[in-house]
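Examination of the molecular architecture
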Amino acid sequence: MLAISVQSPNHLEAREVAAPGAPEVGEVLLRTVRAGICGSDLHILHGSNPFARYPRVIGHEFAGIIEAVGAGVEGLAPGNHVVVDPVVSCGHCYACRVGRSNVCGNLEVFGVHRDGGFRDRLLVPAINCVKVPDSMPFEVAALAEPFSIAANVLSRTGISAGDTVLIYGAGTVGLTVLQVAKLHGARCLIADIDAARLEWARNFGADVTIHSREQSVPEIVKDENEGLGPTVIIDGAGIPALLEEACRIASPAGRIGLLGFSPAPCNISQQEIVKKELTLVGSRLNRKFLPQVVSWLAEGKLSPAAMITQTFAAREARTAFDLIETRPQDTIKVQLAFGE
């Protein structure tokens, strides 16, 4: 069967591998149908993800059809359509005990710590499978994981219709945060250096777009919220230097959510944080938000299919990755189709 793996940094291969055996207790055998390429897959490819070990079958945004179930599996059956939560947690460490399984002390993530979904078939813990309606296209189901990232960070910061949200970055992360924030009724501003991505943001409901190469973000947002500034700021760009600006322009009692993984330090003012009693939160992966996201998708509260800008046969993964890297302005979400 086909698998897309990074054998070592900068070496992506589509190769034939042995098919998995029968599912064991608590497992299902999944046939992958559609999978999305994430920025973190690019980081693994280039050796810049500190958690990946090689060789590694990548892919953590994937949906498919259950072909077999192991002993003890309840609520799932062959033929069910599912999306996979890539977060595998131990269930007994401190983080798990307090409901924060996404930062489990023994965390494993499909496509990072263990082989992922860029392969025709794989064994998955049944607990990580979330059923989707048969009527939901697999390409939409595979978007549930990116939206769970947005749901998680907005849960961490809090979100309501009374909020004014500033989002740094109009890539996939920023656009998913935008759509989830709008679902909650918030006013949303989004900043990016790419005009094409800002056009996408307008199409997905942004109230204000800011071309940050040509416009000053602090100047644009200063009159928001009765002159106090944004109540929620989300760094969807992963640029450490933005945190200083975020603290400076946030409203008193504002909340700032960080999604980046850069180890680079940044200068922030303790005075600014204390003066306004700001809340700074990190957000990693998702804390079992996929069922909620699937409900939003099934009910039509989110309609994100337009985010899928290109689809490639899985064997053309190298071409897909090259497109993302050489023409980022032309891509939002690129997916791989398996079994076609």
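Scroll up to find the structure.
In short, a report on the structure. Going along each chain's sequence as written, the residues are numbered from 1 onward. Local features in this predicted model are restricted to residues of pLDDT 70 or higher, and side-chain atom pairs are both shown and tallied only at a pLDDT of 80 or more, whereas totals for entire chains, interfaces and linings draw on every residue. For side-chain calculations, the full set of non-hydrogen atoms in the structure is used, while hydrogens and water are omitted.

Details of the overall build of the protein chain
Stated formally: Each helix is a run of DSSP H or I of at least 4 residues and each strand a run of E of at least 2, with the numbering of both proceeding from the N terminus. Radius of gyration here uses only the C-alpha atoms, and the compact-globule reference equals 2.2 Å multiplied by the residue count raised to the power 0.38. Contacts are assigned to residue pairs that have any heavy atoms within 4.5 Å of one another. Throughout, the Shrake-Rupley method with a 1.4 Å probe supplies accessible areas, and for residues the shown protein chains are the sole cover considered. Only four residue types enter the tally: Lys and Arg on the positive side, Asp and Glu on the negative side, with His and both chain ends excluded. We put the charge of a Lys on NZ, of an Arg on CZ, of an Asp on CG and of a Glu on CD.
If you tally the helices and strands in the protein chain, you get twelve helices and 18 strands. Here the C-alpha atoms of the protein chain give a radius of gyration of 20 Å, agreeing with the 20 Å that 2.2 N^0.38 yields for 340 residues. Each of the three principal axes of the protein chain carries a C-alpha extent, and together these read 60 × 45 × 40 Å. A sequence separation of at least 24 residues applies to 68% of the contacts in the protein chain between residues at least 6 apart. On the protein chain, roughly 14,500 Å² of surface is accessible, and the fraction owed to carbon and sulfur atoms is 50%. The average position of the 30 basic charges and that of the 36 acidic charges among the side chains of the protein chain differ by 4 Å.

Quick word on empty space enclosed by the protein
If a probe the size of a water molecule is rolled over the atoms, the empty space left behind becomes visible. Definition in use: Think of a 1 Å grid over just the protein atoms. A cavity is a set of points where a 1.4 Å probe fits yet cannot get out, a pocket is an open set with protein on both sides within 12 Å along at least five of seven lines, and lining residues have an atom within 4 Å of a point. Grid points are joined across faces, edges and corners, and a volume is the space filled by probe spheres set on the points. We call Asp, Glu, Lys and Arg charged. Ala, Val, Leu, Ile, Met, Phe, Trp, Tyr, Cys and Pro are nonpolar, and the rest, Gly among them, are polar.
Taken as a whole and judged by the stated rule, the model has one cavity of 30 Å³ or more. A volume near 40 Å³ is recorded for the largest cavity. Forming the walls of the largest cavity are Tyr168, Ile233, Ile234, Asp235, Leu242, Leu243, Ala246, Ile256, Gly257 and Leu258. Going through the elements one at a time, strand S14 (232–235), helix H9 (242–249) and strand S15 (255–258) are the ones with two or more residues in the lining of the largest cavity. In terms of residue class, the lining of the largest cavity is made up of eight nonpolar, one polar and one charged.

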